[in-house]
Amino acid sequence: MREYFEFYLPTKILAGFSALDNLGFELNILNIKKPLIVSDHVIEKVGVSGIVKNVLEHNGICFSEFLDVPLESSLETVEEIAEFFNKEKCDCLIAVGGGSVIDSAKGVRILLEYPNKKMIELSGADNLNTKFTTPLVVVPTTSGTGSEATLVAVIKDTQNHVKLPFLSYGMLPDLAILDPRSTISLSAKMTAATAMDALVHAIEAYIGTQKNPVSDSFAASAINLISKNVLLAIENPKDNVSRLNLAIASMLAGAAFSNSMVGIVHAIGHSVGAVCEVPHGVSMSILLLPCLEYYKSVSNNYLGELLLYLTDTEYFASTKDKTNANLDFIRNLLNTLNQKAQLPLHLKDVCKDKSELGKIAELSINDGAITFSPFFADKKIVLEILEKAW
Ligand SMILES: [Fe+2]
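Parameters and conventions
Counting from 1, residues in each chain are numbered in the order their sequence is written. With pLDDT at 70 or above as the cut-off, local features in this predicted model cover only qualifying residues; side-chain atom pairs require 80 or more to be listed or tallied, and sums for whole chains, interfaces and linings still use all residues. Side-chain measures were taken over the full set of non-hydrogen atoms in the model, leaving aside hydrogen atoms and water. Under the DSSP-based scheme used, a helix requires at least four consecutive residues in state H or I and a strand at least two consecutive residues in state E, with every element numbered from the N terminus. The globule rule used for comparison is 2.2 Å times the number of residues to the exponent 0.38, while the radius of gyration itself is calculated over C-alpha atoms. Burial classes: relative accessible area under 20% of the type maximum marks a residue as buried, over 50% as exposed, and values in between as partly exposed (1.4 Å probe, protein chains only). Residue contacts are defined here by distance: any two heavy atoms, one from each residue, within 4.5 Å place the two residues in contact. Here the open area of atoms and residues is found with the Shrake-Rupley method and a 1.4 Å probe, where only the protein chains shown may cover a residue. Counted as donors are N, O and S atoms no farther than 2.8 Å from the metal, or 3.2 Å for Na, K and Ca; water is not among the atoms, and sites may therefore look incomplete. In these descriptions, tetrahedral denotes four donors with every angle between 85 and 135 degrees, square planar four donors and octahedral six donors with opposite donors over 155 degrees apart and the rest between 65 and 115, and irregular any other case. Every helix has an expected span of 1.5 Å times one less than the residues it contains. Directions drawn from the helix axis to the C-beta atoms are what define this arc. Whether two strands pair depends on DSSP finding at least two bridges between them. A fitted line through C-alpha atoms serves as each axis, taken over the contacting stretch for helices, and the angle formed by two N-to-C directions is quoted from 0 to 180°. Here, a salt bridge means any side-chain nitrogen of Lys or Arg that lies within 4 Å of a carboxyl oxygen of Asp or Glu. By definition in this entry, angles of less than 35 degrees are roughly parallel, angles greater than 145 are roughly antiparallel, angles of 65 to 115 are roughly perpendicular, and the rest are oblique. Handedness of each helix crossing follows the sense of rotation of the near helix against the far helix: counterclockwise by less than a right angle gives left-handed, clockwise gives right-handed. Nonpolar residues are Ala, Val, Leu, Ile, Met, Phe, Trp, Tyr, Cys and Pro. Charged residues are Asp, Glu, Lys and Arg, and all others, Gly as well, are polar. The angle between axes fitted to the seven residues ending at a residue and the seven residues starting there is what we call the bend at that residue. By the criterion applied in these results, polar contacts are pairs of N or O atoms within 3.5 Å in which, for protein atoms, one can donate a hydrogen and the other can accept it, and in which residues neighboring in sequence qualify only through two side-chain atoms.

**Student:** Teacher, can you tell me more about the overall build of the protein here?
**Tutor:** Scanning the protein for helices and strands turns up 16 helices and nine strands. Scaling as 2.2 N^0.38, a compact globule of 390 residues should have a C-alpha radius of gyration of about 21 Å, and the protein matches this with 20 Å. Its C-alpha atoms give the protein principal-axis dimensions of about 60 × 45 × 45 Å. For the protein, buried positions account for 56% of its 390 residues. Long-range pairs, those at least 24 residues apart, make up 76% of the contacts in the protein between residues at least 6 apart in sequence. For the protein, the computed accessible surface area is about 16,400 Å², with 53% contributed by carbon and sulfur atoms.

**Student:** For this particular structure, what's the right way to read the coordination of the iron ion?
**Tutor:** Ideal geometry at a metal centre gives angles of 109.5 degrees when four donors are arranged tetrahedrally and 90 or 180 degrees when six donors are arranged octahedrally. The iron ion binds to the protein through Asp197 (OD), His201 (NE2), His266 (NE2) and His280 (NE2), with metal-donor distances spanning 2.1 to 2.2 Å. Every donor counted, the four donor atoms about the iron ion form angles of 85 to 168 degrees at the centre, which fits irregular coordination.

**Student:** Help me understand helix 4 (residues 75–87) in this model?
**Tutor:** Along an α-helix, residues three or four positions apart point the same way, because every turn accommodates 3.6 residues. Spanning 13 residues, helix 4 covers 18 Å between terminal C-alpha atoms, matching the ideal 18 Å at 1.5 Å per step. Within helix 4, burial applies to Leu75, Thr77, Val78, Ile81, Ala82 and Phe85. Projection of helix 4 onto a plane perpendicular to its axis shows the buried side chains occupying an angular sector of 160 degrees, all on one side. Opposite the packed face of helix 4, turned more than 90 degrees from it, sit the exposed residues Glu83 and Lys87.

**Student:** What should I look at first to understand the sheet that holds strand 4 (residues 92–97) in this one?
**Tutor:** Neighbouring strands of a sheet are bound in pairs by backbone hydrogen bonds; such pairs are parallel or else antiparallel. Pairing is parallel across the open sheet formed by six strands, whose spatial order is 1-9-6-4-2-3. In this open sheet, the two edge strands, each paired with only one partner strand, are strand 1 (12–15) and strand 3 (64–66). Pairs of neighbouring strands in the sheet enclose a mean axial angle of 20 degrees, with direction left out of account. For strand 6 (residues 136–140) and strand 9 (residues 175–178), the ladder comprises two bridges, and the chain directions are parallel. Paired with valine 138 across the two strands is alanine 176, which belongs to strand 9. In the packing of helix 5 (residues 99–113) onto the sheet, contacts are made with strand 2 (35–38), strand 4 and strand 6, and the angle to strand 4 comes to roughly 165 degrees. Of the strands in this sheet, strand 1 and strand 9 are in contact with helix 9 (residues 240–260), which crosses strand 9 at around 150 degrees.

**Student:** Looking at this structure, I do not really get the environment of lysine 89. What am I missing?
**Tutor:** Following the sequence through the fold, lysine 89 ends up in the loop between helix 4 and strand 4. Between the C-alpha atom of lysine 89 and that of lysine 33, which follows or precedes it by 56 residues, the distance is 9.7 Å.

**Student:** Looking at this structure, I do not really get the pattern of salt bridges. What am I missing?
**Tutor:** One side chain can pair with another of opposite charge once the charged atoms of both are near each other. Counted by the stated rule, this structure contains 18 salt bridges. A salt bridge links glutamate 65 to lysine 53, with the nearest nitrogen and oxygen atoms 3.0 Å apart. With glutamate 65 in strand 3 and lysine 53 in helix 3 (residues 48–58), the pair connects residues that are 12 residues apart, well separated along the chain. On the accessibility criterion, lysine 53 (12% relative accessible area) is buried. Between glutamate 293 and lysine 388 there is a salt bridge, with the nearest N and O atoms lying 3.5 Å from each other. Taken together, the residues glutamate 293 in helix 11 (residues 280–298) and lysine 388 in helix 16 (residues 379–389) connect sequence positions 95 residues apart.

**Student:** Whenever I open this one, the packing of helix 8 (residues 213–235) against helix 9 confuses me. Can you help?
**Tutor:** For any two helices packed against each other, one specifies the inter-axial angle together with the distance between the axes. Where helix 8 contacts helix 9, the two axes come as close as 8 Å, and the packing angle between them is 150 degrees. Here helix 8 lies roughly antiparallel to helix 9, going by the angle between them. At the point where helix 8 passes helix 9, the crossing takes the left-handed sense. Here Ser215, Phe218, Ala219, Ser221, Ala222, Leu225, Ile226, Asn229, Val230, Leu232 and Ala233 of helix 8 lie close against helix 9, whose contacting residues are Val241, Ser242, Arg243, Asn245, Leu246, Ile248, Ala249, Leu252, Ala253, Ala255, Ala256 and Ser260. Partitioned by chemical class, the residues of the contact of helix 8 with helix 9 number 16 nonpolar, six polar and one charged.

**Student:** Can you walk me through helix 8 in this structure?
**Tutor:** In a regular helix each residue adds 1.5 Å, so 23 residues correspond to 33 Å; helix 8 covers 34 Å between its end C-alpha atoms and thus fits that length. Most pronounced at asparagine 229, the bend in helix 8 amounts to some 35 degrees. Measuring from the backbone nitrogen of valine 214 back to the side-chain oxygen at the start of helix 8 gives 2.9 Å, which picks out asparagine 212 as the cap.

**Student:** Where do I start with the sheet that holds strand 5 (residues 124–125) in this structure?
**Tutor:** If you trace the three strands from one edge of the open sheet to the other, you get 5-8-7, paired in mixed fashion. Two strands bound the open sheet, and with one partner strand each, they are strand 5 and strand 7 (152–157). Pairing of strand 7 with strand 8 (residues 162–167), which is carried by six bridges, proceeds in the antiparallel orientation. Counted as the bridge partner of lysine 156 is lysine 163 from strand 8. With respect to the sheet, helix 5 is in contact with strand 7 and strand 8, its orientation differing from that of strand 7 by roughly 90 degrees.

Here is the structure:
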């Protein structure tokens, strides 16, 4: 038990089959006159931003929209949206999309708060106000990043080829709306990869050095919901119940790691993503087991406990070797996701050149997330994990 911890989640959560229908009521409470919808053309095409627009029209709320957010959020896009926001005299941001859209909207909020500063000057931890003036509503269209409940945004500085992180309590959205209609069109592979990202957020929060009883309860609920719903959503994509449960799990896992951090799986995963351009959820899925296996070899803290949340009380109580049963459960889940959703199992499936592993290991030990790993990891240990993942 840690002697002291803090847990912060000021975001109001609306979750349910028609949760988006309450958006107009919530905007009226916030006294919003003209929101700006921030989204992309894929989300527009599958109809999620259309649902939001219908609700606003139904409630007599006029709005503007910006649909040109690229796959990866960038400073240029953030500046363009902020300019458009001011030109249109908007008073609230509604982000409808995945990680890039939500991070872009978080970035716009920073620029609106600090109109005379350069974004690069504000990058880092705790360089921002803890309460922002412009309200931010988030409608996530994937169930993975948990960005609707985190204090983080990552925005690419394309000129200098670096990703700028922004961390502050003020970054947390005012409102997150989890409605299964937002994720119903996700492919099986996207559903699997994003669910694995959320599962890793929850597991890393639970086993990491910053764990605390509040984040543990969020992480445990998230693990249980993902374990029980990910295959249901893949087998029956239009199933509202499993879609909603995965959305809730992603939010819970986001809140858990926003307060207790992620660890070695993310440290290596960020580096694999940078070198091999692998989607984040795919690298999380490939690296989870080799990292946990190494963890087992040095300490079996918490690994056995995870079995309870991944399965149920009866299975947990009747299983002697809980640590190995936990790893077997995750191995079976990954194999099933590989068969049913073509989620890659090995690094060699997504990285072409094995000689890049040294570079990946070097980047990993310099990634901030490694600080919160439940075990010490130097370059040699990271290489050992990467060899196993290959
Ligand atoms: Fe992640």
